[in-house]
Amino acid sequence: MPPRGRGRGRGVPLHPPATIEQLLAVQTQLMEALVNNQQNHPIGGAPPRDKRGEFLKGHPPVFTHATDPLEADDWLRAVEKQLNIAQCDDRQKVLFESGQLQGEAQTWWESFEYGRPPNAPAITWLEFKENFRSYHIPEGLIELKAEEFRNLKQGSMTVPEYRDKFAQLSRYAPSEVANDADKQRLFLKGLYDGLQLQLMSNEYPNYQTLVNRAIVVDNKCKEMDAKRKRMQGQASGRILVHAPTSSKVLSKDVILGMDWMKQQDASVECKGKAVALTTPKGDRICVEVAVQPQPTATVNQLDNNVNQEGLVVDEFPDVFPDDLPGHVVSNGGIAVDPSKVKDVLDWKPPTDVSGIRSFLGLAGYY
């Protein structure tokens, strides 16, 4: 009789021993499971990363609406930058960025969410950006801004101001400035004619060199123009000071060449007979006006004691007629006709250069 147990399990194969490769694979799986477990349950109870807090530390801007379409695109780029710094995943990007919407933009976002089917998948970051741009950056406005770029002129802007405006609007027509030569051509076309003429005779290796040269040439043109105006003002400027013979005739000095006076920032002190001017360097100088005395003539006084036969007037009637214009001849001498003095006093204030000259001639004679 065979021994007990002989043949038990006959036909059942025994497990072969594990190979080294299989052992290494199992060990790798265990290590990955251990790492995942530590990430989900940190050792020592350390709190998980607060990605929203890290995102807000970058002070991302909020968005309500934009009058300029590319302002919306600028906002989207700025916030996306902070999301990437905080290492947010796709779902967190949509949640955090939508939290920065306010006012009209928030109303759009709520309407967009309500319009989705109930069982629709979660909104991806790419889907959010596409729908945001299609609504807040419409193609119609982009085309209007592109046309504004094509018609841009420097006008009264300085070259740096024109450069900034050119750069801002060129974003609406990127294909038209993709080539450096085209960018130079469009920039040059918008400059004012005088500056354009100065720059067209040269070729420039790149756009920035053209801009730098335009700034230098424009500044020099303005300096020469200001110098020319100053020289013209000095050549045509003229001050005529009339010292009245009577304070009742003129209450203040008469100044001609008012345009020149204005250019020199001049002020007149009538009482002190001085004129304050500003030099081209900005210095303030005071010029005292020397007033020449009015020419006078002495006429022999006529009285009852003078021999009537020796009167000069009687001997030269053609030179001294009885009725001197505007004067009265009497035994007391020759005096200005009081009626003429009254005419001067009652003279209406002149309003132009011709009137001033007429008044000065009349007042100077009497």
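As a starting point, this report considers the structure included with it. Keep in mind it's a predicted model, so treat the numbers as computed, not measured.

**Topic: helix α5 (residues 103–114)**
Compared with an ideal rise of 1.5 Å per residue, which puts twelve residues at 16 Å, α5 spans 17 Å between its outermost C-alpha atoms and is within 8% of the ideal. Among all positions of α5, only Ala105, Trp108, Trp109 and Phe112 are buried. Down the axis of α5, the buried side of the element spans an arc of 95°, and every buried residue falls inside it. Within α5, the exposed residues directed more than 90 degrees away from the buried face are Glu104 and Tyr114. Buried-residue contacts for α5 involve α4 (90–98) and α6 (125–136).

**A look at the environment of Gln100**
Looking at the secondary structure, you find Gln100 in the loop between α4 and α5. A relative accessible area of 7% means that Gln100 is categorised as buried. Separated by 37 residues in sequence, Gln100 and Phe63 have C-alpha atoms that sit 6.3 Å apart. With residues up to four places along the chain from it excluded, the contact list for Gln100 reads Phe55, Leu56, Pro60, Pro61, Val62, Phe63 and Trp75. Here the side chain of Gln100 touches Pro60 through a polar contact of 3.2 Å, landing on its backbone oxygen.

**Section: the side chain of Lys93**
Relative to the helices and strands, Lys93 is located in helix α4. This buried residue, Lys93, is left without a salt bridge; Glu80 holds the nearest opposite charge, at 5.1 Å. The contact partners of Lys93, leaving out residues within four places of it in the chain, are Leu83, Asn84, Cys88 and Trp125.

**Description of the environment of Glu71**
Looking at where Glu71 falls in the secondary structure, it is placed in helix α3 (residues 69–85). Remark: the alpha-carbon pair of Glu71 and His136, spanning 65 residues in sequence, is separated by 9.4 Å.

**Here we look at empty space enclosed by the protein**
A water-sized probe rolled over the atoms picks out the places where empty space is left. What the rule picks out here adds up to two cavities of 30 Å³ or more. Approximately 50 Å³ is the volume found for the largest cavity. Lining the largest cavity are Phe149, Arg150, Leu152, Tyr162, Phe166, Leu186, Lys189 and Gly190. Elements with a minimum of two residues in the lining of the largest cavity: α7 (139–150), α8 (159–170) and α9 (180–190). At three residues, the largest contribution of residues to the lining of the largest cavity is made by α9. Here the lining of the largest cavity is built from residues that sort into five nonpolar, one polar and two charged.

So, how was this worked out
- Residues numbered from 1 in each chain as written.
- Predicted model: local features only at pLDDT ≥ 70, side-chain atom pairs only at ≥ 80, totals over all residues.
- Heavy atoms only, no water.
- Helix = DSSP H or I, 4+ residues; strand = E, 2+ residues; numbered from the N terminus.
- Expected span 1.5 Å × (residues − 1).
- Buried < 20%, exposed > 50% of the residue type's maximum accessible area, 1.4 Å probe, protein only.
- Arc of directions from axis to C-beta.
- Contact = heavy atoms within 4.5 Å.
- Polar contact = N/O pair within 3.5 Å; in protein donor to acceptor, adjacent residues only side chain to side chain.
- Lys, Arg positive; Asp, Glu negative; His and termini not counted.
- Salt bridge = Lys/Arg side-chain N within 4 Å of Asp/Glu carboxyl O.
- 1 Å grid on protein atoms, 1.4 Å probe; cavity = no way out; pocket = protein on both sides within 12 Å on 5 of 7 lines; lining within 4 Å.
- Points joined across faces, edges and corners; volume = space filled by probe spheres on them.
- Nonpolar A, V, L, I, M, F, W, Y, C, P; charged D, E, K, R; others polar.

Just geometry here; none of it tells us what the structure is for.
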